[in-house]
Amino acid sequence: MRQRSRRRIMRATVELVDQHGYAGTTLTDIAERAGLARGLLSYYFDGKRLLMQSATHRMMHQALSEALGELAPEASPEDRLARAIDTVLGLAMDHPRVMRSHLALILDPDTGAFVQDPEQRQLGAILQELLRDWGAPDPAAEHAVLRSALMGGCIGVLLPGAELPLAPIRADLFRRYDLDWRLGRPPQPLPPERERPPARG
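Conventions used here
- Residues numbered from 1 in each chain as written.
- Predicted model: local features only at pLDDT ≥ 70, side-chain atom pairs only at ≥ 80, totals over all residues.
- Heavy atoms only, no water.
- Buried < 20%, exposed > 50% of the residue type's maximum accessible area, 1.4 Å probe, protein only.
- Helix = DSSP H or I, 4+ residues; strand = E, 2+ residues; numbered from the N terminus.
- Contact = heavy atoms within 4.5 Å.
- Patch = residues over 30% accessible without salt bridge, like charges linked within 9 Å, V, L, I, M, F, W, Y side chains within 5 Å.
- Areas by Shrake-Rupley, 256 points an atom, 1.4 Å probe, with all protein chains shown as cover.
- Salt bridge = Lys/Arg side-chain N within 4 Å of Asp/Glu carboxyl O.
- Lys, Arg positive; Asp, Glu negative; His and termini not counted.
- Charge placed at Lys NZ, Arg CZ, Asp CG, Glu CD.
- Axes fitted to C-alpha atoms, helices over the stretch in contact; angles between N-to-C directions.
- Parallel < 35°, antiparallel > 145°, perpendicular 65-115°, else oblique.
- Left-handed = near helix turned anticlockwise from the far one by under 90°.
- Nonpolar A, V, L, I, M, F, W, Y, C, P; charged D, E, K, R; others polar.
- Phe/Tyr/Trp six-rings, centres within 6.5 Å; stacked < 30°, edge-to-face > 60°.

### Things to note about helix H9 (residues 166–176)
Quick reminder: α-helices carry 3.6 residues per turn. Residues three or four places apart thus point the same way.
Move 1: When H9 is considered as a whole, its buried residues turn out to be Leu166, Ala167, Ile169, Arg170, Ala171, Leu173 and Phe174.
Move 2: Lining the buried residues of H9 we find helix H5 (77–94) and helix H8 (139–158).
Move 3: Phi turns positive one or two residues past the end of H9, at aspartate 178, with a value near 55°.

In structure tokens:
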């Protein structure tokens with residue numbers, strides 16, 4: 001019952017923030033959408049900010065589990081890692097309000113903090129396993145690098161007024177891990193060409 005209630009709260013949070021943004025969503029709204037008493041939210045989550053992070057981490061690890069589950073059992077480690085990168089970047093495109101809110105909260109120096117809740121640990125465990133299979137000598141350290149790179153990629157496609165196209169961000173991540181552009185879910189048939197530096201002289 002406790003886990004079901006937590007899941008309902010987190011699902012309601014993502015749905016409402018998708019529709020109204022973080023500032024436009026109240027804990028009362030979330031409780032009503034989840035069909036629970038307002039007081040239960042405070043019992044399960046220590047404030048709206050921590051609830052938002054947990055809800056986003058749950059959305060990410062669920063999407064990642066589903067995307068990897070669609071692959072054939074014999075899929076290569078490279079194909080699985082490519083699918084994971086595409087899934088996280090795809091969430092930024094499909095749920096921009098949720099992902100912007102999540103990033104803004106953890107980057108705010110006054111109120112931000114990266115929360116390693118159970119949802120985040122499940123997400124991290126999946127990514128570390130993918131990196132171990134891919135051949136990372138230190139999957140935990142490489143996970144920290146990949147996590148930062150994915151956060152940076154999400155910021156790139158979401159930055160208001162200075163959004164970057166998805167393709168070059170994806171291409172840089174795929175080059176880092178030596179992944180073929182055709183793996184995963186490419187946003188276009190061919191990778192973008194890298195700009196060449198101007199000729200000297």
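Back to the write-up after that little detour.
### Section: a positive patch on the surface
Move 1: A cluster of basic side chains, namely Arg4, Arg7, Arg8 and Arg11, defines a positive patch on the protein surface.
Move 2: For arginine 11, the position within the fold is in helix H1 (residues 2–20).
Move 3: On the basis of relative accessibility, which here comes to 40%, the residue arginine 11 falls in the partly exposed class.

### Re unusual backbone geometry
Move 1: Unusually for a residue other than glycine, aspartate 178 sits at a positive phi of about 55°.
Move 2: Along the chain, aspartate 178 turns up in the segment after H9.

### Examining the packing of helix H4 (residues 48–69) against H5
Move 1: Between H4 and H5, the least distance of the axes is 9 Å, while the angle of their chain directions is 140°. By the angle between their axes, H4 is oblique relative to H5. Crossing of H4 against H5: the hand is right-handed. Across the interface between the two elements, Met59, Met60, Ala63, Leu64, Ala67 and Leu68 of H4 pack against Arg80, Arg83, Ala84, Thr87, Val88 and Leu91 of H5.
Move 2: Grouping the constituent residues of the contact of H4 with H5 by class yields nine nonpolar, one polar and two charged.

### Focus on the packing of aromatic side chains
Move 1: Applying the stated criterion across every chain, the model contains three aromatic pairs.
Move 2: An angle of 75° between the planes, with centres 5.2 Å apart, marks the rings of tryptophan 134 and tyrosine 177 as edge-to-face. Highlighted residues: tryptophan 134 in helix H7 (residues 118–134) and tyrosine 177 in the segment after H9, separated in sequence by 43 residues.
Move 3: What makes tryptophan 134 partly exposed here is its relative accessible area of 26%.

### Regarding the pattern of salt bridges
Move 1: Under the criterion given, the structure shown has seven salt bridges.
Move 2: Where aspartate 86 meets arginine 170, a salt bridge forms, and the shortest distance between an N and an O atom there is 2.6 Å. Here arginine 170 lies in helix H9 and aspartate 86 lies in helix H5, a separation of 84 residues in the sequence.
Move 3: Looking at aspartate 86, the relative accessible area reads 9%, which means it is buried.
Move 4: For aspartate 172, the salt bridge identified is with arginine 175, shortest N-O distance 2.4 Å. Of this pair, aspartate 172 and arginine 175 are both found in helix H9, three residues apart, which corresponds to roughly one turn of the helix.
Move 5: Note on aspartate 172: relative accessible area 44%, which makes it partly exposed.
Move 6: For arginine 175, a relative accessible area of 37% translates into the label partly exposed.
Move 7: Overlapping salt bridges, with partners in common, bring together Glu70, Arg83 and Arg185 in one network.

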